[in-house]
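The residues making up each chain are set out below.
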Amino acid sequence: MSTEAKHASTMNHGKVSLAEAFAQFDEQWSPKLVGELNGQHVKLAKLEGEFVRHRHDDADELFLVLNGHLDIELDEETVALDPGEFVVVPRGVEHRPVADGETEVLLFEPAGTENTGNVDSERTADVERL
Ligand code: NI
């Protein structure tokens with residue numbers, strides 16, 4: 001199957017295998033688009049180590065951990081996420097993701113949401129379709 005045909009089936013009417021999707025990339029901190037609905041993006045990312053602290057003024061952001069362990073550091077607390085657990089970081093709330101070892105996550109947030117939010121960083125990444 002050509003890459004384009006694969007994209008079409010993945011994005012329009014095919015089921016998405018998370019295991020197969022994660023097997024298609026190695027880059028860390030570089031979210032991959034695997035689904036869209038109602039103006040929202042479903043993205044997958046591999047994370048390891050500390051990210052930049054940031055916020056999204058116009059977007060709530062969901063982090064669902066699939067493998068590994070992710071701490072979301074907030075102002076007053078740290079939310080510790082193991083596989084099968086998620087949190088929604090409300091818009092405007094400063095957060096810093098810190099992944100203990102390589103961690104696989106699913107992100108759900110409005111299309112166009114920048115991974116580093118209000119911060120321009122070397123970690124700011126364009127979202128690519130898988
Ligand atoms: Ni964020």
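Residues numbered from 1 in each chain as written. Predicted model: local features only at pLDDT ≥ 70, side-chain atom pairs only at ≥ 80, totals over all residues. Heavy atoms only, no water.

Colleague: For this particular structure, what's the right way to read the side chain of His-41?
Modeller: Secondary-structure assignment places His-41 in strand β2 (residues 40-50). Note on His-41: relative accessible area 12%, which makes it buried. Not counting residues up to four positions away in its chain, the partners in contact with His-41 are Leu-33, Gly-35, Glu-36, Leu-107, Phe-108, Glu-109, Pro-110, Ala-111 and Gly-112. (Helix = DSSP H or I, 4+ residues; strand = E, 2+ residues; numbered from the N terminus. Buried < 20%, exposed > 50% of the residue type's maximum accessible area, 1.4 Å probe, protein only. Contact = heavy atoms within 4.5 Å.)

Colleague: How should I be thinking about empty space enclosed by the protein in this particular structure?
Modeller: Summary: where empty space remains is shown by rolling a probe the size of a single water molecule over the atoms. By the definition in use, this model includes one cavity of 30 Å³ or more. Lining the largest cavity are 14 residues; nearest its centre among them are Leu-47, Phe-51, Phe-63, Leu-107 and Asn-115. It is strand β7 (residues 96-110) that provides the largest number of residues to the lining of the largest cavity, a total of four residues. (1 Å grid on protein atoms, 1.4 Å probe; cavity = no way out; pocket = protein on both sides within 12 Å on 5 of 7 lines; lining within 4 Å. Points joined across faces, edges and corners; volume = space filled by probe spheres on them.)

Colleague: Just checking my understanding: could you explain the environment of Pro-31 for this structure?
Modeller: Assignment of secondary structure puts Pro-31 in the loop between α2 (18-23) and β1 (32-37). Remark: the alpha-carbon pair of Pro-31 and Leu-106, spanning 75 residues in sequence, is separated by 8.9 Å. Look past the residues within four positions of Pro-31 in its chain and what remains in contact with it is Lys-43, Leu-44, Ala-45, Leu-107, Asn-115, Ala-125, Asp-126, Val-127 and Glu-128.

Colleague: What is the right way to look at the coordination of the nickel ion in this model?
Modeller: Six octahedrally arranged donors around a metal ideally form angles of 90 or 180 degrees; four tetrahedrally arranged donors ideally form angles of 109.5 degrees. In the first shell of the nickel ion, the protein supplies His-54 (NE2), His-56 (NE2), Glu-61 (OE) and His-95 (NE2), at 2.0 to 2.1 Å from the metal. Classification of the site at the nickel ion as irregular follows from its four donor atoms and the range of 86 to 174 degrees in their angles at the metal. In the primary structure, the donors to the nickel ion are separated according to the pattern H-x1-H-x4-E-x33-H. Here His-54 falls in the buried class, since its relative accessible area comes to 1%. (Donors = N, O, S within 2.8 Å, 3.2 Å for Na, K, Ca; no water. Tetrahedral: all angles 85-135°; square planar, octahedral: opposite > 155°, others 65-115°.)

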